[in-house]
Amino acid sequence: MNYEVQIDGETIVYGPLIKRSRFSDEQWSAINHAMAKRNFSASEYEKYKKDEFVIGLMADRTDLAERYEALLELLPQSAYSKAGTHPEWVADAVEHNILIKGITQDDVKMLIEGSDDMRELIRSLEEYFHIEEEEG
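This text gives an overview of the structure that appears in the document. Since this is a predicted model, take the numbers as computed values, not measurements. (Residues numbered from 1 in each chain as written. Predicted model: local features only at pLDDT ≥ 70, side-chain atom pairs only at ≥ 80, totals over all residues. Heavy atoms only, no water.)

Section: unusual backbone geometry
For residues besides glycine, phi is generally negative; the peptide bonds are generally trans as well. We count it as follows: Strands here mean DSSP runs of E at least two residues long; helices mean DSSP runs of H or I at least four residues long; both are numbered from the N terminus.
Of note in this structure, Asp8 is not a glycine but carries a positive phi near 50°. Relative to the assigned elements, Asp8 resides in the loop between β1 (3-7) and β2 (10-14). For His130, which is not glycine, the phi dihedral falls at a positive 55°. In this fold, His130 is placed in the segment after α6 (118-128).

A few points about the environment of Tyr128
Cut-off, in case you're wondering: Contacts were defined at the residue level, with two residues in contact if any of their heavy atoms lie within 4.5 Å. N or O atoms closer than or at 3.5 Å make up a polar contact, with two conditions inside protein: a donor-capable atom paired with an acceptor-capable one, and, for residues adjacent in sequence, both atoms drawn from side chains.
Counting through the fold element by element, Tyr128 comes out in helix α6. Along the chain, Tyr128 and Val108 lie 20 residues apart, while their C-alpha atoms are 8.6 Å from each other. Not counting the four nearest positions on each side in its chain, Tyr128 is found in contact with Ile103, Thr104, Asp107 and Leu111. There is a polar contact of 2.7 Å between the side chain of Tyr128 and the side chain of Asp107.

A few points about the nonpolar core
Which entries qualify depends on this criterion: As used here, the term nonpolar core means buried Ala, Val, Leu, Ile, Met, Phe, Trp, Tyr and Cys residues forming a set that is joined through side-chain atoms within 4.5 Å. Burial here depends on accessible area, computed with a 1.4 Å probe over protein chains only, as a share of the maximum for the residue type. Under 20% is buried, over 50% is exposed, and the range in between is partly exposed.
Counting 11 residues, the largest nonpolar core is built from Tyr3, Val5, Ile7, Ile12, Tyr14, Phe23, Trp28, Ala30, Ile31, Met35 and Ala59. Looking at this core, the element that brings in the most residues is helix α1 (residues 25-39), giving four residues. By size, the runner-up hydrophobic cluster in this structure holds six residues, among which are Ala36, Phe40, Val54 and Met58.

Quick word on the pattern of salt bridges
Selection criterion: Each salt bridge in this description consists of a side-chain nitrogen of Lys or Arg and a carboxyl oxygen of Asp or Glu lying within 4 Å of one another.
Counted under the stated rule, the structure contains two salt bridges. Between Lys49 and Glu46 there is a salt bridge whose closest N-O contact spans 2.9 Å. When the shortest N-O distance is used, the salt bridge between Asp63 and Arg67 registers 3.3 Å. With a gap of four residues between them, Asp63 and Arg67 both fall in helix α3 (residues 52-74), about one helical turn apart. Taking relative accessible area as the criterion, Arg67 reaches 24% and is therefore assigned partly exposed.

Note that all results are geometric; they support no functional claim without further evidence.
Shown next, in the form of structure tokens:
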């Protein structure tokens, strides 16, 4: 969910996939208020709207939850892409699905050196990258 606020005639958009940067304290305050106002009851917001610390906490709580949900949606495994998934499972899935260039290069070099012919190398690479041959 994105939040749009107007500060000094400038429109600022903030959301879970937008990196925090280049916002002034005044801009952050407006963003925090927009987040708190949208995600908490009117009575809660009215009660704390003059307390910047509490509004900041409310916004931080919302921001963390929305970032977590946005990251879950980016995962390719549908089993992990739902709210309530334990963060450790998400971290494990992300780690499992990311190729680290140096490690991958070393692994492929090892596969090349350990293969006697091209057919064996192809089979090893398909297994390493979990590539299934299409049946046609």
